[in-house]
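Listed below, chain by chain, are the residues.
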Amino acid sequence: QVQLVESGGGLVQAGGSLRLTCTASRNIFDINGMAWYRQVPGNQRELVADLLTRTGATEYLDSVKGRFTISGDKAKNTVFLQMNSLKPEDTAVYYCFFDLGAARAYWGQGIQVTVSS
């Protein structure tokens, strides 16, 4: 069973930066895409950013464009989320996600990001 382990979360003041890292517990082949989601209690989980590993194409939630950057190292089974100019509304539990296609996917356990005003 593969586990995705997230790190880098925590408490930061508004305007600050954090870098989230997510690494698989063992090698995974054929990763089609990597992504970060976030969820606030009482709300649905939303897609923050995703990365197609074959093309390098990325997409972002409108509210984080220009502030967040997703990057990945497929060979190391690792995905990053650089978060700059953080705002209190970015406060959430962040989850990494690996899409292997054919309805196969893995989720991280979630990591708390708290931005104080």
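Please read all numbers here as calculations on a predicted model, not as lab measurements.

### A look at the side chain of Glu 6
Structurally, Glu 6 can be placed in strand S1 (residues 4-7). No salt bridge forms around the buried Glu 6; measuring N to O, its nearest opposite-charge neighbour Arg 45 is 7.8 Å away. Here the side chain of Glu 6 touches Cys 96 through a polar contact of 2.7 Å, landing on its backbone nitrogen. Of note is the side chain of Glu 6, whose polar atom sits 2.6 Å from the backbone nitrogen of Gly 110. Not counting chain neighbours up to four residues away, the residues in contact with Glu 6 comprise Thr 21, Cys 22, Trp 36, Tyr 94, Tyr 95, Cys 96, Gly 108, Gln 109, Gly 110 and Ile 111.

### Some details on the state of the cysteines
The final tally for this structure, using the stated rule, is one disulfide. Each sulfur in the disulfide pair Cys 22 and Cys 96 lies 2.0 Å from the other. Of note, the bridge from Cys 22 to Cys 96 carries an S-S torsion of about 50 degrees and is right-handed in sense. Residue Cys 22 is found in strand S3 (residues 18-24), and its partner Cys 96 is found in strand S9 (residues 92-101); the two are separated by 74 residues along the sequence. When its relative accessible area of 0% is taken as the criterion, Cys 96 is described as buried.

### As for the nonpolar core
With 29 residues, the main nonpolar core has Trp 36, Leu 81, Met 83, Tyr 94 and Phe 98 as its most contacted residues. The set of elements that each furnish at least two residues to this core consists of S3, strand S4 (33-39), strand S5 (46-52), strand S7 (68-73), strand S8 (78-83), S9 and strand S11 (111-116). Of the residues forming this core, the biggest block, five residues, is contributed by S9. Apart from the residues within four sequence positions on either side, Leu 81 is in contact with Leu 18, Arg 19, Leu 20, Trp 36, Val 48, Ala 49, Phe 68, Thr 69, Ile 70 and Tyr 94.

### Quick notes on the side chain of Arg 38
Along the chain, Arg 38 turns up in strand S4. There is a polar contact of 3.0 Å between the side chain of Arg 38 and the side chain of Asp 90. There is a polar contact of 3.0 Å between the side chain of Arg 38 and the side chain of Tyr 94.

Criteria and cut-off values
- Residues numbered from 1 in each chain as written.
- Predicted model: local features only at pLDDT ≥ 70, side-chain atom pairs only at ≥ 80, totals over all residues.
- Heavy atoms only, no water.
- Helix = DSSP H or I, 4+ residues; strand = E, 2+ residues; numbered from the N terminus.
- Buried < 20%, exposed > 50% of the residue type's maximum accessible area, 1.4 Å probe, protein only.
- Lys, Arg positive; Asp, Glu negative; His and termini not counted.
- Salt bridge = Lys/Arg side-chain N within 4 Å of Asp/Glu carboxyl O.
- Polar contact = N/O pair within 3.5 Å; in protein donor to acceptor, adjacent residues only side chain to side chain.
- Contact = heavy atoms within 4.5 Å.
- Disulfide = S-S within 2.5 Å.
- Core = buried A, V, L, I, M, F, W, Y, C linked by side-chain atoms within 4.5 Å.

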